[in-house]
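Listed below are the residues making up each chain.
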Amino acid sequence: MTSTTTPSAIPSFVNELIPWMIQAFEDGMKQAARILWDVLMVILSEHWLAVMIIVFVIFVFVTLKAMMGRWGSFGSFVYNFLYFGILFVIGLVRGPEVFVSDFFQVAVAVILYPVCYLATGFILDKTGLRRY
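Here the structure is a predicted model, which means the values were calculated and not measured.

A. Broad picture of the layout of surface pockets. There is about 530 Å³ of room inside the largest pocket. Along the wall of the largest pocket there are 15 residues; nearest its centre are L44, V51, F84, G85 and F88. Contributing elements (two or more residues each) for the lining of the largest pocket: α1 (9-46), α2 (48-67) and α3 (72-94). If one sorts the elements of the lining of the largest pocket by residue count, α3 sits on top with seven residues. Tallied by class, the residues present in the lining of the largest pocket amount to 13 nonpolar, two polar and no charged.

Printed below as a string of structure tokens:
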């Protein structure tokens, strides 16, 4: 009996398969990000008024809570508004594929988190809502 595959063909197949699988995984994540972004854009474009009203109502509610001395929810609202607002603008400018890159995730952890945190503290200090 003769074998159609040689022993040296199997390691080369594995060496080709692993990079192919990694690339397929990255391409799948980019496609998934694009699909989710497109769904989000459709929902926002069709219901932009309702979204704006909901955000405004939440803003009024947390502002009233902050005026009564409970500024934590206001700080959380400001932080999340800044954070997701900046991410939304980045997604509009660079496309949703940027969200799945490793470099972007490191940049978010190193730059965006602290910037939003410090900006929220600055806003709370300037409005006089944060008391020590």
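After that view, the rundown keeps rolling.
B. Quick peek at the confidence of the model for the chain. When the pLDDT values of the chain are averaged, the result is 87; 90% of them are 70 or greater. Summarising per-element confidence for the chain, the mean pLDDT is lowest in α1 (85) and highest in α2 (94).

C. Spatial organisation of the packing of aromatic side chains. Summed over the entire model, instances satisfying the criterion amount to nine aromatic pairs. On the basis of an interplanar angle of 45° and a centroid distance of 6.2 Å, the ring pair of F59 and F74 is categorised as tilted. Here F59 is found in helix α2, whereas its partner F74 is found in helix α3, with 15 residues between them in sequence. Put simply, the rings of W37, F88, F99 and F104 touch in pairs and so form one group of aromatic residues.

Rules behind the numbers
Here the residue numbers are simple positions, counted from 1 along each chain's written sequence. Residue-level local features of this predicted model are given only where pLDDT is at least 70; pairs of side-chain atoms are given and counted only at 80 or more, and the full residue set underlies all totals for whole chains, interfaces and linings. Heavy atoms from the whole structure form the basis of all side-chain values; hydrogens and water molecules are not counted. Definitions used for this entry: grid spacing 1 Å over protein atoms alone; cavity, a set of points where a 1.4 Å probe fits but cannot get out; pocket, an open set with protein on both sides within 12 Å along at least 5 of 7 lines; lining residue, one with an atom within 4 Å of a point. Grid points are joined across faces, edges and corners, and a volume is the space filled by probe spheres set on the points. The helix and strand labels rest on DSSP assignments: H or I over at least four residues marks a helix, E over at least two residues marks a strand, and numbering proceeds from the N terminus. For this scheme, ten residues count as nonpolar: Ala, Val, Leu, Ile, Met, Phe, Trp, Tyr, Cys and Pro. Four count as charged, namely Asp, Glu, Lys and Arg, and the remainder, Gly too, count as polar. Known as pLDDT, the predictor's confidence for each residue is given on a scale from 0 to 100. Note on ring pairs: Phe, Tyr and Trp rings are taken, using the six-membered ring of Trp, and paired if centres are within 6.5 Å. Classes follow the plane angle, with under 30 degrees stacked, over 60 edge-to-face and the rest tilted.

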